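# Coordinate inspection notes
As a plain string of letters, each chain reads:
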Amino acid sequence: MRTYMTAFLLWAWAAHCADAMTLLRGKEVSRRERNLETLKRSKRGWMWKQFFLQEEYTGTDYQYIGKLHSDMDRGDGAVMYVLTGEGAGTVFVIDANSGDLHATRSLDREEKPSYTLRAQAVNKKNGQPLEPETEFIVKLHDINDNEPKFEKEVYTASVPERSHIGTSVIQVTAHDADDEMFGLSAKLVYSISQGHPYFSVESNTGIIRTALGPSDMDREQREHYQVVIEAKDMAGQRGGLTGSTIVNITLTDVNDNPPQFAQSVYQFSVPELSEPGTEVGQVRALDADIGPNAEMDYTVVGGDGLDVFSVTADKTTQNGILSVRKPLDYEKKKSYTLQVQVRNTHPDPRFVSVDAKDLTTVRINVEDVDEPPRFERPSYVMEVKEDAAVGTAIGSVSAVDQDARRNPVKYTIDRHTDVDRIFNVHAGNGSIFLQKPLDREDLAWHNISVIAAEFNNPQQTSRVPVYIRVLDVNDNPPALASFYETFVCENAKSGQKIQTITAVDQDEPSGGHRFFFMLAPESSVKANFSVRDNGDNTAGIYTRRTGFRRAQKSTHLVAVVISDSDSPMMSSTGTLTVRVCTCDRDGNMEMCSAEALSGTAGLSTGALVAILLCVLILLLIVVLFAALKRQKKKEPLIISKEDVRDNVVSYNDEGGGEEDTQAFDIGALRHPEVMEESSKLRRDVVPSDPPYPPPPLRRTAVTSRDNSDVRNFITQRVQEHDSSPVAPPYDSLATYAYEGEGSVAESLSSLGSGSSESPHDYSYLNEWGPRFRKLADMYGADEIEWDS
Ligand SMILES: *[C@@H]1O[C@H](CO)[C@@H](O)[C@H](O)[C@H]1NC(C)=O
Ligand SMILES: *[C@@H]1O[C@H](CO)[C@@H](O)[C@H](O)[C@H]1NC(C)=O
Ligand SMILES: *[C@@H]1O[C@H](CO)[C@@H](O)[C@H](O)[C@H]1NC(C)=O
Ligand SMILES: *[C@@H]1O[C@H](CO)[C@@H](O)[C@H](O)[C@H]1NC(C)=O
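First things first, this report covers the structure right here in the doc.

The rules behind each value
Residues numbered from 1 in each chain as written. Chains lettered and ligands numbered in written order. Predicted model: local features only at pLDDT ≥ 70, side-chain atom pairs only at ≥ 80, totals over all residues. Heavy atoms only, no water. Pairing = 2+ DSSP bridges. Helix = DSSP H or I, 4+ residues; strand = E, 2+ residues; numbered from the N terminus. Axes fitted to C-alpha atoms, helices over the stretch in contact; angles between N-to-C directions. Phe/Tyr/Trp six-rings, centres within 6.5 Å; stacked < 30°, edge-to-face > 60°. Buried < 20%, exposed > 50% of the residue type's maximum accessible area, 1.4 Å probe, protein only. Lys NZ or Arg CZ within 6 Å of the ring centre and 35° of its normal. Near = heavy atom within 4 Å. Polar contact = N/O pair within 3.5 Å; in protein donor to acceptor, adjacent residues only side chain to side chain. Areas by Shrake-Rupley, 256 points an atom, 1.4 Å probe, with all protein chains shown as cover. Disulfide = S-S within 2.5 Å. Patch = residues over 30% accessible without salt bridge, like charges linked within 9 Å, V, L, I, M, F, W, Y side chains within 5 Å. Salt bridge = Lys/Arg side-chain N within 4 Å of Asp/Glu carboxyl O. Lys, Arg positive; Asp, Glu negative; His and termini not counted. Charge placed at Lys NZ, Arg CZ, Asp CG, Glu CD. Core = buried A, V, L, I, M, F, W, Y, C linked by side-chain atoms within 4.5 Å. Contact = heavy atoms within 4.5 Å.

## Topic: the sheet that holds strand E13 (residues 199–201)
One open sheet holds the three strands; their spatial order is E10-E14-E13, and the pairing between them is antiparallel. Taken across any chain shown, the strands that pair with only one partner, and hence form the sheet edges, are strand E10 (168–171) and E13. Averaged over neighbouring strand pairs, the angle between their axes works out to 25 degrees when direction is ignored. Note: E10 against strand E14 (residues 207–210), three bridges, orientation antiparallel. What sits directly across from Ile170, in E14, is Ile208.

So, in structure tokens, the structure goes:
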């Protein structure tokens, strides 16, 4: 039993090894050999691993593949063969009894190169497998049934014209579906069947190259080529299959052609008044190249209009555009001849010389145009003396018609520039005349426009500015620069300068002003003052004597003659007002004569208005006071004359101080200085306590000049009121009665006599507190007169 098992295993190993060997040998083993082997193997059992079958069988009957045979089959018909796997029963059929394998139809290797099938021998009677199932492969044997195919039907390629021979253009590739590993069915060779002699193809790579030299590959002669390339299998041998493709080859442009003018002579005409920049015409040069290789530059290189015309290339058409560069004048030059050159912008020195150019001649005729007259000068400046007589010719303008016919010219003045019609122009010869008198001091320049028109064609006009300068004539006398009003001190010394004067003159002499000053004859006799010319257009007024007396003569008038240096010499007399004033030691004016002060002749209207305003305000205050007094009538300020005398101080302030605006207008009575002073000390309040005990009363009549006691009395009272914190507000009325120190005649006062019927003059000092002192300071005590 063990021996039998070993023998079987050995057999199985050996069989397997043999199969492996067969497989290893693979493709090198020829079909016939393999068939022999299979045949050999089939005798030994289920040992068929591969069957080979020719593709593309064309016979009508089933194609025989091979025979399956089992060792179990003894030919007694007890064995049945069963086939399963790819295509079993359809593509492949087996004779169940004989084991003959057939293909039912033609097969294509390129569609499916092999089929895997399984076979089994079974007992016909009970269907029991006699052997394990065995797998085998049916391989299709390749024949050259596919032609080479190119990747594209049409290729497009380009190569620069004038390329060297053998320049690579493009590579084309074809593929063959047949078995590359077996035979030559897929071995391709390329050839060119159309495109000779310009191109060639490398037979093994499919690279297309140029086949002619640069001179024959000229884009300007032929641009497009259609090349046909063939690929042949079987290494190009007879019987091989062929595929083909079209290659469209375009030659690209290189700059191998210089531009050339289409015409050797061009003729244009242009109107003479064409503005610079106007197009005259276009010249055209041709270039066989295209694109940037056909771009060109034009230049005017010669002729008599070298700087009069210019030429530029039109970027789109590449034409040369001629245009006017400088103004043309038919009357001066009627035609021009130019030499215009053209050359490529981007020349390619490999093909054409860099200097390659072409020339053409351009004739340009200038056409006559009816032109307006033209003034000889762009502007005119004329001068006329301001005293020139009406009718004087100032100057002349001149314009000439530019046309060949030289039409006569008519001149007019643009009246918008000479509204007052001061000037006139001679229509025929352009002379400008004065029509009205001039005044330089009024207007120094008259800037007018003169129009020149063609006599026959008034539309043709041109204008020119004429600047007329009015020259100065000494027609204005100098005068004092201002109204001089000065003063001389009573204590002035002789030879003392009291004023410096200067003068003005409306004229404007070219050398500047030079004024001379001297005393007028009327002031020279018994002269009290002298004039000293400083030589610089100023003069000093000096006293000539001492002892001016206000009382004697309060105002002196000094007449001064001022003259200029021009010819004719002009002069005028100016008068200074000199007042006589009292001065302090330092010569500061203290008091001038009332006459002089009151003189309002020299006052300006502004001052007058100010004065009027002052008066008005004063009136207002007075009216206010009247109103105030009426309001307080119930309790009159001074109840009776008796009271006035007996009560030294009568306070009658019932108002609410400054807050009480109803009572009376404090504003009108306010004195800023006092306000400030008093506010530091106190607020205006109604005193709660009775004021200071009234000072002792003394009654006396003041008759003598010596009244220092009066002064003391007043000073004392004022001080009391100023310093007392309980004193009445500053705007209260304080009444003082003083009767003196007594006299030998006892009391002479009317108070004492009690006769109240006789009229009394109580000219006591009544004043608002501090003001009182001021007034008292101002006037010496001897100036105040006290009534007895
Ligand atoms: C190739 O060239 C032919 C003839 O010049 C033309 O008719 C065809 O359209 C071209 N094909 C391509 C893809 O350019
Ligand atoms: C122009 O004509 C006027 C009048 O005949 C004459 O007075 C004047 O001198 C002429 N002017 C010129 C420039 O000839
Ligand atoms: C007239 O022309 C002169 C010179 O150009 C110039 O100085 C002056 O200001 C001008 N006067 C007027 C009124 O235009
Ligand atoms: C000079 O002053 C005297 C007296 O003050 C006077 O009489 C005389 O007219 C004055 N002279 C002149 C020229 O005014």
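## Considering the packing of aromatic side chains
Throughout the structure, instances matching the rule amount to twelve aromatic pairs. Ring centres 5.5 Å apart and planes at 75 degrees place the aromatic pair Phe199 and Tyr225 in the edge-to-face group. One end of the pair, Phe199, is in strand E13; the other, Tyr225, is in strand E15 (residues 224–232), with 26 residues separating them in the sequence. Considered together, Phe199 and Tyr225 belong to a single accessibility category, that of buried residues. Each residue in the set Phe261, Tyr266, Phe268 and Tyr298 is aromatic and connected to the rest through ring pairs, giving one cluster. The cationic tip of Lys112 hangs over the ring face of Tyr115; the distance from NZ or CZ to the ring centre is 5.3 Å. The aromatic ring of Tyr542 is capped on one face by Arg532, whose charged end is 3.9 Å from the ring centroid.

## Quick look at the site of ligand 3
Close contacts around ligand 3 come from Trp445, Asn447 and Tyr467, and that covers them all. Contact distances for ligand 3 include 2.5 Å between an oxygen atom and a side-chain N or O atom of Asn447. When isolated, ligand 3 has an accessible area of 360 Å², and the protein chains bury 41% of it.

## A short note on the site of ligand 1
Around ligand 1, a shell composed of Val154, Thr156, Gln226 and Asn248 is seen. In the environment of ligand 1, an oxygen atom lies 3.5 Å from a nitrogen or oxygen atom belonging to the side chain of Gln226. In the environment of ligand 1, an oxygen atom lies 2.4 Å from a nitrogen or oxygen atom belonging to the side chain of Asn248. Coverage of ligand 1 by the protein amounts to 34% of the 360 Å² it exposes when considered alone.

## Structural notes on the state of the cysteines
Under the defined criterion, the tally for this structure stands at two disulfides. Covalently, Cys489 is tied to Cys583 through a disulfide, its sulfur atoms 2.0 Å apart. Because the torsion about its S-S bond is -85 degrees, the bridge between Cys489 and Cys583 counts as left-handed. Here the residue Cys489 occupies a position in strand E36 (residues 485–489), and Cys583 occupies one in strand E42 (residues 571–583), the gap between them amounting to 94 residues. For the pair formed by Cys489 and Cys583, the shared burial category is buried. One disulfide bridge connects Cys581 with Cys592, the sulfur atoms lying 2.0 Å from each other.

## Section: a negative patch on the surface
Negative charge collects at one region of the surface, where Asp387, Asp439, Asp442 and Asp475 lie side by side. Within the secondary structure, Asp442 is located in the loop between strand E32 (431–434) and strand E33 (445–454).

## Side note on the pairing of strand E9 (residues 154–160)
Judged by which residues are buried, E9 turns out to be one-sided: Tyr155, Ala157 and Val159 face inward and are buried, whereas Val154, Thr156, Ser158 and Pro160, on the alternate face, are not. Pairing geometry for E9 and strand E16 (residues 242–252), over seven bridges, is parallel. Bridge pairing in E16 places Val154 opposite Ile246.

## Points about the nonpolar core
General note: in soluble globular proteins, nonpolar side chains tend to be found buried as a group. Ranked by internal contacts, the top residues of the largest apolar core, which has 25 residues, are Tyr298, Phe309, Leu322, Val340, Val362 and Ile364. Those elements that place two or more of their residues in this core are strand E18 (265–271), strand E19 (279–283), strand E21 (296–303), strand E22 (309–313), strand E23 (320–324), strand E24 (335–344) and strand E25 (358–367). In terms of residue count, the dominant contributor to this core is E24 (four residues). Those residues within four positions of Phe309 in sequence are excluded, and the remaining contacts are Val270, Val280, Val300, Ser323, Val324, Arg325, Leu328, Tyr336, Leu338 and Ile364.

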